[in-house]
Structures are given as C-alpha cells and as structure tokens.
Amino acid sequence: MKGECEYKAKAFDEALPNLKIVAEAGQNEYTERAAIRVARIYYTKKDYKNALPYYAILNKSASTKENTIESLVGMMRCNYFETNFQEAKKYAIEILPLSNIPKDVLVETNMYLGRIAMMDKNWRTAQFHFNYVLKENKAALGAEAMYSKAEIQYNMVKKDSCKTTIFKLNDDFPSYEYWVVKGFILLSDVYRDEKDYFQARATLQSIIEGSEIAELLAIARKKLDEINELEKTGNEVKQGDEE
C-alpha cells in the first residue's frame, strides 16, 4: 500500500491522501491501520479538527483494546483542544471505567474532567478529580491540581483552607513556578478580602520583584494597583468620618 510505505518512510504529508482514501473506504482489513495513521499525523500537526473523524473511524474499527483506548483518548484530547468541552467530557467518562488503563492516561483524563467541572462551577466534582491527580502525579499536572484545589476553596469561601493549600503548593511543587506564583496571587486575593492590605501588597510586591513570568507579572501589577486604590479610598473614608 503506497500510503503505508510513505508513512514508514516518514513522508507523512505524501502518505496522507492515500491513507485517507483507505480509511474512508468502509470497513476492510486496512481500515484500522489507515485510520490510526491519519489520526496521528493530524494530531502531531495539532490539526485536531481533522484528526477527530479518523479517531472516530479508529474507534469503530479497533480490533485491540490498545487501539480502542487510543481512539477514546484522541477524541477526548481533540475535543478539549477544540473547546468542545462536553464532547471531551463524554469520552473521558468512557475511559475511566476501562480496565488496565495506563496510569498517565488516567491522570490526564481526571485532569480534563476536573478542568471541565471547574468551568461548570461544579466545585466538588472538580475537587474529586484533582485529588486523584494529586495522588498520582508529583509533576506539572500535580502542581496545577493543587492550585486548582486552592481556587476551589477560595470560590467556596473556605479562605483558611485556601491559604493552607497555597502554602502546601509552594512546599510540594517549588519547581513549578507558574503555579506557585499563581497561588500567591490568589493568596493576595484572600488578604484583600480580609482587608489585610499590608499582607496583600507585600505578597504582590514579592511576586513583582522575584518573578519573570510576564503574564503573571501583569496580573500582579494590576492587583497591586487595585489594592493601593482600595487602601486610598478606605483612608479617605476614615478621614471623612473623623472630620
């Protein structure tokens, strides 16, 4: 098969047209292999929209559990990246009860479900999935899950728990600066809500002086301006009362 030879030679663009013809020709002995090749080529190109139909063909033609899992994971990922979150959730839910799923796939699946639950403000469901990620992953996804737990606690007005989680994030994931800094920005929000403007300002100034992450520096500076304005307004009100 010409497309297969080109694929094996890593001539992926040349292989695509012929592999697509085979994958779309209806169920035959070559459908499964062609579909997985096309899906992987598009996925590697980050062309998630075009990868999706071939993961669907793979799902229908899969003869092994490994290919069934790959098809479901592919459809979950592609739908998530295409912001089709409810479709991503549907395939994630199909993955969870399957037996002998690789641990990293379960961690990734729970991460997507946690993120989607947060978007829907289903805090307890999100926390359930993030707890699984934290239990099984001590790297970047674990750091994100810990931060997300703190954000959930903030949204549920559990400010003391939120503080504890942020400090634990700093202790347990010091190498993951992005999430640690985001955690301390969230901590400044807690201090602001408590009207502890001194601690809020000190926290934000520490970030501004110590971090080089442009996205988070912009947020910290904006929040610092807001703190200064709140304190200024509060002082003006206090002075007015005294007069």
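Note: the structure precedes this text.
Residues numbered from 1 in each chain as written. Predicted model: local features only at pLDDT ≥ 70, side-chain atom pairs only at ≥ 80, totals over all residues. Heavy atoms only, no water.

Participant: Which residues make up the environment of Pro174, and what are the values?
Facilitator: Relative to the helices and strands, Pro174 is located in the loop between helix H10 (159–172) and helix H11 (177–193). Remark: the alpha-carbon pair of Pro174 and Ala143, spanning 31 residues in sequence, is separated by 9.0 Å. (Helix = DSSP H or I, 4+ residues; strand = E, 2+ residues; numbered from the N terminus.)

Participant: A description of the pattern of salt bridges should follow, citing residues and the corresponding values.
Facilitator: Within this structure, the stated rule accounts for 14 salt bridges. Of the charged contacts, one joins Glu70 and Arg40 as a salt bridge, the two residues approaching to 2.7 Å between their closest N and O atoms. In this pair, Glu70 is assigned in helix H5 (residues 65–81) and Arg40 in helix H3 (residues 31–44), connecting sequence segments 30 residues apart. With relative accessibility at 22%, the residue Glu70 sits in the partly exposed group. The class of Arg40 is partly exposed, set by a relative accessible area of 31%. Residue Arg192 pairs with Asp189 through a salt bridge whose shortest N-O separation is 3.2 Å. In this pair, Arg192 and Asp189 are both assigned in helix H11, three residues apart and thus about one turn of the helix distant. (Salt bridge = Lys/Arg side-chain N within 4 Å of Asp/Glu carboxyl O. Buried < 20%, exposed > 50% of the residue type's maximum accessible area, 1.4 Å probe, protein only.)

Participant: Requested: an account of the side chain of Glu144, with residues and values cited.
Facilitator: For Glu144, the location among the structural elements is in helix H9 (residues 140–155). Residue class for Glu144 comes out buried when judged on its relative accessible area of 11%. Within the structure, Glu144 has its side chain in polar contact with the side chain of Arg115 (distance 2.8 Å). Setting aside anything within four residues of it in sequence, one finds Glu144 in contact with Met111, Arg115 and Trp179. (Polar contact = N/O pair within 3.5 Å; in protein donor to acceptor, adjacent residues only side chain to side chain. Contact = heavy atoms within 4.5 Å.)

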